[in-house]
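Descriptive structure summary
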Amino acid sequence: MRLTVSDPEAMRDLGRALAALLRPGDLVLLSGELGAGKTTLTRGLGEGLGVRGAVTSPTFVIARVHPSLTGGPALVHVDAYRLGGGLDQMEDLDLDVSLPESVIVVEWGEGKVEELSDSRLEVRIERALGGEDPPADDAADPRTVTLTGLGERWAGADWEPLRADRV
Ligand code: ADP
Ligand code: MG
């Protein structure tokens, strides 16, 4: 599934729509360079899941748990940017313990957290326009978002709800 997302508000929107497809036990890996929009998407996910607390870019915190306000799964938001190694470095976080009743979203998690689950949703965010330099201040800076569901959980997933007008 590939989408074009025109601006930050549309990215949040996509997060809200994606939240409706998620259930407890889901692992979501977000990839894309610094400033791609991973945290912006996660903010929308948090809104869609109806969790407590604002989703932010953690400066020192590696993982933050946002409990549900609506009886749904908690959102565990992990920023693994500063972590070199794999899960063993994150052992203290007990992600394996939280996963069954949570949605775990990991920024920079590739090669680090896959073993948490047999299935995962990979979300890659890239600047849709080529070139190294960001566009002028108020110019559009769309993103291409590619979603790949791996494992049994995502076999036959219906992505259509995500296809709303975000361009
Ligand atoms: P990351 O977590 O991937 O480092 P952030 O979500 O923290 O990225 O930041 C993305 C930045 O890019 C924000 O400042 C956001 O306003 C900006 N931005 C511009 N255009 C878009 C877009 N189409 N989608 C998402 N973010 C965008
Ligand atoms: Mg981020």
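The structure contained in this document is the topic of the report that follows. Note that the coordinates shown come from a computational prediction; the quantities given were computed from them, not determined experimentally.

Procedures and definitions
Residues numbered from 1 in each chain as written. Chains lettered and ligands numbered in written order. Predicted model: local features only at pLDDT ≥ 70, side-chain atom pairs only at ≥ 80, totals over all residues. Heavy atoms only, no water. Near = heavy atom within 4 Å. Polar contact = N/O pair within 3.5 Å; in protein donor to acceptor, adjacent residues only side chain to side chain. Areas by Shrake-Rupley, 256 points an atom, 1.4 Å probe, with all protein chains shown as cover. Helix = DSSP H or I, 4+ residues; strand = E, 2+ residues; numbered from the N terminus. Expected span 1.5 Å × (residues − 1). Buried < 20%, exposed > 50% of the residue type's maximum accessible area, 1.4 Å probe, protein only. Contact = heavy atoms within 4.5 Å. Salt bridge = Lys/Arg side-chain N within 4 Å of Asp/Glu carboxyl O. Donors = N, O, S within 2.8 Å, 3.2 Å for Na, K, Ca; no water.

Before going further, it helps to examine the site of ligand 1. Every one of the 18 residues lining ligand 1 counts as a neighbour, but Gly 35, Gly 37, Lys 38, Thr 39 and Thr 40 are closest to it. At a separation of 3.3 Å, a nitrogen atom of ligand 1 approaches a polar backbone atom of Asp 7. Contacts to ligand 1 include Ala 36, whose backbone N or O atom sits 3.2 Å from an oxygen atom. Computed on the free molecule, ligand 1 has an accessible area of 580 Å², of which 74% lies beneath the protein chains in the complex.

Looking now at helix α1 (residues 8-19). Its 12 residues place the ends of α1 17 Å apart at the C-alpha level, agreeing with the 16 Å of an ideal helix rising 1.5 Å per residue. Every buried residue of α1 is listed here: Ala 10, Met 11, Leu 14, Gly 15, Ala 17, Leu 18 and Ala 19. Where α1 is buried, its residues touch β1 (2-5), α2 (38-49), β6 (120-127) and β7 (143-150).

Turning to the pattern of salt bridges, a few remarks are in order. This model, assessed by the stated rule, comprises 11 salt bridges. The shortest N-O distance in the salt bridge between Asp 26 and Arg 153 comes to 2.7 Å. Taken together, the residues Asp 26 in the loop between α1 and β2 (27-31) and Arg 153 in the segment after β7 connect sequence positions 127 residues apart. Arg 153 carries the same exposure label as Asp 26, and that label is buried. Notably, a salt bridge pairs Arg 143 with Asp 141, separated by 3.2 Å at the nearest N-O pair. Classification of Arg 143 by relative accessible area gives buried; the value is 13%.

The next thing to look at is the coordination of the magnesium ion (ligand 2). Six octahedral donors around a metal ideally subtend angles of 90 or 180 degrees, whereas four tetrahedral donors ideally subtend 109.5 degrees. For the magnesium ion (ligand 2), the full set of protein donor atoms is Thr 39 (OG1) and Glu 107 (OE), and the range of their distances to it is 2.2 Å. Residue Thr 39 is located in helix α2, and its partner Glu 107 is located in strand β5 (residues 102-107); the two are separated by 68 residues in the primary sequence. The same class applies to Thr 39 and to Glu 107, which are both buried.

Bringing the environment of Thr 144 into the picture now. Among the secondary structure elements, Thr 144 is positioned in strand β7. Along the primary structure Thr 144 and Leu 3 are separated by 141 residues, whereas in three dimensions their C-alpha atoms are 5.8 Å apart. Leave out the neighbours within four places in its chain, and Thr 144 touches Arg 2, Leu 3, Arg 124, Ile 125, Glu 126 and Ala 128.

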